[in-house]
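Residue-level listing of the chains:
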Amino acid sequence: MAVVLLELFWSFCKIGFTSFGGLSMVPLINHEMLSHGWMTISEVSDIVAIAEMTPGPLGLNCATFAGTRVAGFLGAVCASLGVLSPTLLLCAVAAVAFEKFRESDFMQKVMTGVRPVCLGLILAVLCSLSLTNYASAAGGVSLPAAAIGIVGLLALLKFRLSIPKTILLSAVLGLLLIR
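So, how was this worked out
- Residues numbered from 1 in each chain as written.
- Predicted model: local features only at pLDDT ≥ 70, side-chain atom pairs only at ≥ 80, totals over all residues.
- Heavy atoms only, no water.
- Helix = DSSP H or I, 4+ residues; strand = E, 2+ residues; numbered from the N terminus.
- Expected span 1.5 Å × (residues − 1).
- Buried < 20%, exposed > 50% of the residue type's maximum accessible area, 1.4 Å probe, protein only.
- Arc of directions from axis to C-beta.
- Contact = heavy atoms within 4.5 Å.
- Polar contact = N/O pair within 3.5 Å; in protein donor to acceptor, adjacent residues only side chain to side chain.
- Salt bridge = Lys/Arg side-chain N within 4 Å of Asp/Glu carboxyl O.
- 1 Å grid on protein atoms, 1.4 Å probe; cavity = no way out; pocket = protein on both sides within 12 Å on 5 of 7 lines; lining within 4 Å.
- Points joined across faces, edges and corners; volume = space filled by probe spheres on them.
- Nonpolar A, V, L, I, M, F, W, Y, C, P; charged D, E, K, R; others polar.
- Axes fitted to C-alpha atoms, helices over the stretch in contact; angles between N-to-C directions.
- Parallel < 35°, antiparallel > 145°, perpendicular 65-115°, else oblique.
- Left-handed = near helix turned anticlockwise from the far one by under 90°.

(A) Examining helix α3 (residues 41–53) more closely. For α3, with 13 residues, the first-to-last C-alpha span of 19 Å sits near the 18 Å given by 1.5 Å per residue. Taken together, the buried positions of α3 are Val44, Ile47, Val48 and Ala51. Viewed along the axis of α3, the buried residues span an arc of 95°, placing them on a single side of the element. Check the buried side of α3 and you find it contacts α2 (26–35) and α4 (58–101).

Here it is in structure tokens:
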């Protein structure tokens, strides 16, 4: 059993290191499952279909389902840790590097440049979404959509309503005013 758990971990670790997430993982998962004889092509197809329908990253969902199928709960844990290991490793290395060079003059200049770029990206998304969400079919401004946006902003800023409650309020207003 321990050998299977190590093989699951290593198989999904290779998948995590050599793919870029999403559907690019499917051929690698297919290859690993078939080459070890853990699943048939039909079972892999079923696992991928279920993983696509479930919330969360495809690779992690596939690893969890495949690990469960092969070796139960411990298999799910090993496969999931395997597919997450590359990301965790890279994040840990980046955190150590960031901490080491945090006080350096170069890093300070980089961060000074990154902040306005991030703000610009957020503003660009805001403008793009505003055009999409607040435009009416006739080409003007959708007054119900604008009212919902203003109520949501007031709920967040003035009344300090939580984000989930504000989303729920906006959804209800959308159903009442727009649909």
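Still more ground to cover, so stick around.
(B) Layout of the environment of lysine 14. Along the polypeptide, lysine 14 turns up in helix α1 (residues 2–18). Note: C-alpha distance between lysine 14 and leucine 84 (70 residues apart in sequence) is 10 Å. A polar contact of 3.3 Å, which involves the side chain of lysine 14, links it to the side chain of glutamate 32.

(C) Focus on the pattern of salt bridges. Overall, the coordinates contain 5 salt bridges when judged by the stated rule. Among the salt bridges present, the one from glutamate 99 reaches arginine 102, with a minimum N-O distance of 3.1 Å. Two residues, arginine 102 and glutamate 103, come together in a salt bridge whose shortest N-O distance is 4.0 Å. Classification of arginine 102 by relative accessible area gives partly exposed; the value is 36%.

(D) Summary view of the layout of surface pockets. Size it by volume and the largest pocket reaches roughly 520 Å³. Lining the largest pocket are 16 residues, and of these Asn133, Tyr134, Ile148, Gly149 and Ser170 sit closest to its centre. Of all the elements in the fold, those that place two or more residues in the lining of the largest pocket are α5 (105–134), α6 (143–157) and α7 (163–177). Considering every element that reaches the lining of the largest pocket, the biggest residue donor is α6, with 6 residues. Residues that form the lining of the largest pocket fall into these classes: 10 nonpolar, 6 polar and no charged. Considering the residues around the second largest pocket, the lining is formed by 14 residues, among which Gly21, Met25, Gly59, Val83 and Thr87 are closest to the centre. Among the elements that take part in the lining of the second largest pocket, α4 stands out by supplying 7 residues, more than any other. Its residues assigned to classes, the lining of the second largest pocket shows 8 nonpolar, 6 polar and no charged.

(E) The side chain of threonine 166, seen in detail. With respect to the helices and strands, threonine 166 occurs in helix α7. Aside from chain neighbours lying at most four places away, what touches threonine 166 is Gly152, Ala155, Leu156 and Leu161.

(F) Up close: the environment of valine 96. Following the sequence through the fold, valine 96 ends up in helix α4. Take valine 96: its relative accessible area is 58%, and that puts it in the exposed class. With 73 residues separating them in the primary sequence, valine 96 and leucine 23 have C-alpha atoms 31 Å apart.

(G) The packing of α3 against α4, seen in detail. With their axes 9 Å apart at the nearest point, α3 and α4 run at an angle of 135° to one another. As the angle between them shows, α3 and α4 are arranged oblique. The two elements α3 and α4 cross, and the hand of that crossing is right-handed. Here Glu43, Ile47, Val48, Ile50, Ala51 and Glu52 of α3 lie close against α4, whose contacting residues are Leu58, Asn61, Cys62, Phe65, Ala66 and Arg69.

(H) Structural context of α6. Between the first and last C-alpha of α6 there are 21 Å, a value that for 15 residues agrees with the 21 Å anticipated at 1.5 Å per step. Buried residues belonging to α6 abut α5 and α7.

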